Amino acid sequence: MMIRAYQPTDKEAVLQLIRLNTPEYFAPAEEAELSLYLDEDSRYYFVVEEDGKIIGAGGINFFPEESLARISWDLIHPDHQGRGIGGKLTQFRIAEIKKRTPVTEVQVRTSQLVYKFYEKQGFEVQNIVKDFWAPDYHLYDMRSLYSKHKIHKVN
């Protein structure tokens, strides 16, 4: 497994990941939002490769005026979920955050469908907004103090 920077040639593979996770984890309308994100804001987006295939992806957005970094657009191929890839990708991005900017908080905006995963990563629910992403897809705004994150070596 290798984590590397996203390239525009990866776009279709990343969009395929969201399709494979819709509607179980994402509302159908979110694919268009991800596509726009990849076109306009993928500077800190990363993909996970295994045997030459993209099996995961996730990004970072920085908000220096708020001393905040946000982990965004996490996607793991369904055949590879439950193997620790999401945790390794999260740790990788926290290490990237530590390299690039001083922040006091790391935020994840997710849904009720996966917030338990982020709790295991050290994030705590701060706010819930019903039907935020789409009907029955609620926003779980989760935060973690930057100092709480221990960085583990990612192979």
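The residue numbering used here restarts from 1 in each chain and proceeds along that chain's sequence as written. Per-residue local features of the predicted model are confined to residues with pLDDT of at least 70, and side-chain atom pairs are confined, for both listing and counting, to 80 or more; whole-chain, interface and lining totals are unaffected and use all residues. Side-chain calculation: all heavy atoms of the structure are included, whereas hydrogens and water are not.

## Observations concerning the packing of aromatic side chains
Operational definition: Any pair of Phe, Tyr and Trp rings, taking the six-membered ring for Trp, is counted once the centres come within 6.5 Å. Such a pair is stacked with planes under 30 degrees apart, edge-to-face with planes over 60 apart, and tilted for the rest. Helix and strand definitions follow DSSP, with helices as H or I runs of at least four residues and strands as E runs of at least two, each counted in order from the N terminus. Accessibility here uses a 1.4 Å probe with only protein chains present; expressed as a share of the type maximum, an area under 20% marks a residue as buried, one over 50% as exposed, and anything in between as partly exposed.
Under the criterion given, the structure shown has 10 aromatic pairs. Centre to centre, the rings of Phe-26 and Trp-73 are 6.2 Å apart; their planes meet at 20°, and the pair counts as stacked. Taken together, the residues span a long stretch of sequence, with Phe-26 in the loop between helix H1 (11-20) and helix H2 (30-40) and Trp-73 in strand S4 (residues 68-76) at a distance of 47 residues. Judged by its relative accessible area of 13%, Phe-26 falls in the buried class.

## Some thoughts on the pairing of S4
Where we set the bar: Pairing between strands is defined by DSSP: at least two bridges between them are needed. Call a crossover right-handed when, viewed with both strands pointing away from you, the route from the first strand across the helix to the second goes clockwise.
For S4, the tally of buried residues reaches 9 of 9 residues, placing the bulk of the element in the interior. Sheet topology note: the strand S3 (residues 53-63)/S4 ladder contains 7 bridges and is antiparallel. Within S4, the residue paired with Asn-61 across the bridge is Arg-70. If you look at the hairpin formed by S3 and S4, you'll find 4 residues sitting between the two strands, and Ser-67 has a positive phi there, around 50°. Two elements, S4 and strand S5 (residues 105-110), share 4 bridges in a ladder whose sense is parallel. Within S5, the position partnered with Ile-71 by the bridge is Val-108. In terms of handedness, the path from S4 via helix H3 (residues 85-100) over to S5 forms a crossover that is right-handed.

## A few points about H2
Cut-off, in case you're wondering: What the arc describes is the spread of directions from the helix axis to the C-beta atoms.
Within H2, the full set of buried residues consists of Glu-30, Leu-34, Ser-35, Tyr-37 and Leu-38. Looking down the long axis of H2, one finds its buried residues gathered within 160° of arc, a one-sided arrangement. Every exposed residue of H2 that faces more than 90 degrees away from the buried side is listed here: Ala-32, Asp-39 and Glu-40.

## What about the packing of H1 against H2?
Inclusion rule: Inter-axis angles, ranging from 0 to 180 degrees, are taken between N-to-C directions of lines fitted to C-alpha atoms, where helices are fitted over the stretch in contact. Just so you know how the angles are binned, under 35 degrees is roughly parallel, over 145 roughly antiparallel, 65 to 115 roughly perpendicular, and the rest oblique. We call a crossing left-handed when the near helix sits turned anticlockwise from the far one by less than a right angle, and right-handed when that turn is clockwise. We call two residues in contact whenever any of their non-hydrogen atoms come within 4.5 Å of each other. Any residue that is not Ala, Val, Leu, Ile, Met, Phe, Trp, Tyr, Cys, Pro, Asp, Glu, Lys or Arg is counted as polar, Gly included; the first ten are nonpolar and the last four charged.
In the contact formed by H1 and H2, the axes pass within 10 Å of each other and the chain directions differ by 155°. Classed by the angle they form, the pair H1 and H2 counts as roughly antiparallel. For H1 against H2, the interelement crossing comes out right-handed. Seen from H1, the contacting residues are Lys-11, Val-14, Leu-15, Ile-18 and Arg-19; seen from H2, they are Glu-30, Glu-31, Leu-34, Ser-35, Leu-38 and Asp-39. Considering only residue class, the contact of H1 with H2 consists of 5 nonpolar, 1 polar and 5 charged.

## Re the confidence of the model for the chain
In low-pLDDT regions, the fine details of the predicted coordinates are not to be read closely. Keep this limit in mind: Each residue carries a pLDDT score, the predictor's confidence in it, ranging from 0 to 100.
Across the chain, pLDDT averages 91, with 93% of residues at or above 70. Contacts for the low-pLDDT stretch residues 149-155, under 50 throughout, to residues beyond four places or in other chains number 17 contacts.

## Quick notes on the nonpolar core
In plain terms, the rule: Here the nonpolar core consists of buried residues drawn from Ala, Val, Leu, Ile, Met, Phe, Trp, Tyr and Cys, with membership extended through side-chain atoms lying within 4.5 Å.
Grouped together as the largest cluster of nonpolar side chains are 22 residues, with contacts concentrated most on Phe-123 and Met-142. Elements represented by at least two residues in this core include exactly strand S2 (45-50), S3, S4, H3, S5, helix H4 (115-120) and strand S7 (137-145). Tallying contributions element by element places H3 first for this core, with 5 residues. Dropping the residues within four chain positions of it, Met-142 is found in contact with Val-106, Gln-107, Val-108, Thr-110, Tyr-115, Tyr-118, Glu-119, Phe-123, Glu-124, Val-125 and Gln-126. Ranked by size, the runner-up nonpolar core spans 15 residues in total, among them Val-14, Tyr-37, Val-47 and Ile-54.

## What to know about the pairing of S2
Burial runs high along S2: 6 of the 6 residues are buried. Side chains Tyr-45, Val-47 and Glu-49 project from S2 onto one buried face, and the interleaved Phe-46, Val-48 and Glu-50 project onto a second face that is buried too. Bridging between strand S1 (residues 2-5) and S2 involves 4 bridges; their strand directions are antiparallel. Looking at S2, one finds that Met-2 is bridged to Glu-49. Where S2 lies against S3, 6 bridges are found, and the strand directions are antiparallel. Bridge pairing in S3 links Glu-49 to Ile-54. In sequence, S2 turns back onto S3 through a hairpin of 2 residues, with Asp-51 there showing a positive phi of about 50°.

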